[in-house]
Amino acid sequence: FDWCSCNHRELIDYYYAFVEKNADFRPGYRWLLDNLIADLRLEEALDITQRIDRIKHDYYPVMMEGYVRSLLGERDAAEAMFAKALEEEPESLYAWSLLGDIRVKQRRYDDAVACYEKSAELDPNPGYTDNYLSIAYIREMQGKWNDAADAYEKALAVYRENKKLENGFGVDQFEQSILRCRAKA
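Position numbers for residues count from 1 along each chain, tracking the sequence in the order it is written. In keeping with the model being predicted, local features are shown solely for residues with a pLDDT of at least 70 and side-chain atom pairs are shown and tallied solely at 80 or more, while totals for entire chains, interfaces and linings include all residues. Remark: hydrogens and water are excluded; side-chain values derive from all non-hydrogen atoms of the structure.

Draft legend 1. Spotlight on the overall build of the protein chain. For the protein chain, the count of helices and strands is 11 helices and zero strands. In terms of overall dimensions, the protein chain has a C-alpha envelope of 50 × 40 × 35 Å along the principal axes. Looking at the protein chain alone, contacts between residues at least 24 apart form 50% of all its contacts between residues at least 6 apart. In the form shown here, the protein chain has an accessible surface area of approximately 10,600 Å², with 51% of it arising from carbon and sulfur atoms. Computed over 25 positive and 35 negative side-chain charges, the separation of the two mean positions in the protein chain equals 2 Å. Secondary structure elements are defined from DSSP: runs of H or I of at least 4 residues count as helices, runs of E of at least 2 residues count as strands, and each element is numbered from the N terminus. Residue contacts follow a heavy-atom distance rule, with two residues in contact if any of their heavy atoms lie within 4.5 Å. Method for areas: the Shrake-Rupley scheme with a 1.4 Å probe, in which residue coverage is limited to the protein chains shown. Note that His is not counted, nor are the chain ends; the positive residues are Lys and Arg, and the negative ones are Asp and Glu. Where a charge lies is defined by one atom per residue type, namely NZ (Lys), CZ (Arg), CG (Asp) and CD (Glu).

Draft legend 2. Spotlight on the side chain of aspartate 39. Here aspartate 39 is to be found in the loop between helix 3 (26-38) and helix 4 (42-55). Summary of buried charges: aspartate 39 has no salt-bridge partner, and the nearest side chain of opposite charge, arginine 41, is 4.7 Å away. Ignoring anything within four residues of it in the chain, the contact list for aspartate 39 reads Cys6, Asn7, His8, Arg9 and Ile12. Burial here depends on accessible area, computed with a 1.4 Å probe over protein chains only, as a share of the maximum for the residue type. Under 20% is buried, over 50% is exposed, and the range in between is partly exposed. By definition, a salt bridge exists where a carboxyl oxygen of Asp or Glu is found within 4 Å of a side-chain nitrogen of Lys or Arg.

Draft legend 3. Seen up close, helix 11 (residues 169-184). Expected span of a helix: the number of residues minus one, times 1.5 Å. The end-to-end C-alpha distance of helix 11 is 23 Å, a good match for the 22 Å that 16 residues give at a rise of 1.5 Å each. The complete set of buried residues in helix 11 reads Gly170, Val171, Phe174, Ser177, Ile178 and Cys181. What you see down the axis of helix 11 is that its buried residues fit within an arc of 130 degrees, all on one side. The exposed residues of helix 11 that point more than 90 degrees off its buried face are Phe169, Leu179 and Ala183. Looking at the buried positions of helix 11, the neighbouring elements they touch are helix 9 (130-141) and helix 10 (145-163). Directions are taken from the helix axis to each C-beta atom, and the arc is the one they span.

Draft legend 4. A look at unusual backbone geometry. Positive phi values are uncommon outside glycine, yet leucine 40 reaches one of about 55 degrees. Classification of leucine 40 by relative accessible area gives exposed; the value is 56%. At arginine 107, a position not held by glycine, the phi torsion is positive, near 65 degrees. With respect to the helices, strands and loops of the structure, arginine 107 is situated in the loop between helix 7 (93-105) and helix 8 (109-122).

This is the structure we're talking about:
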């Protein structure tokens with residue numbers, strides 16, 4: 001908890017210099033934004049969302065501005081930003097997944113699960129286990145063990161399809177999680 005030892009000052013300085021040298025490289029701004037938010041340097045974070053938006057307008061800077069505004073206590077403005085992003089890109093699995101991440105950070109777990117489910121539904125060729133894993137983690141935190149096991153089973157199905165694997169370490173990890181959750185249910 002000691003701010004002096006856990007702040008992100010050096011990383012922030014590094015990424016500020018990085019984006020000055022790589023002004024059109026959007027991931028650099030995202031890395032900077034993550035660290036600014038982690039240190040609650042929110043006014044700077046708002047500026048970075050605008051810079052990201054100038055490089056490319058899509059759901060990401062809009063939602064991240066909304067998230068920063070929620071941290072500033074501007075709930076109505078934040079919700080308007082989330083709605084705007086989804087209105088502009090209602091079929092973006094990435095927008096729904098990001099909103100799920102935001103809802104988790106807001107401790108709105110059931111809303112997060114709904115967002116992750118929507119994101120998974122929109123994936124034309126299910127390739128990401130992240131949505132199902134996020135649901136599993138949330139359901140474990142809530143003590144909803146069968147729901148967690150169900151989510152791990154969906155993640156395993158996606159993993160098997162993408163990796164073309166029926167066994168191995170990754171499969172074992174999913175299967176162990178399923179068994180652990182079913183045992184706790």
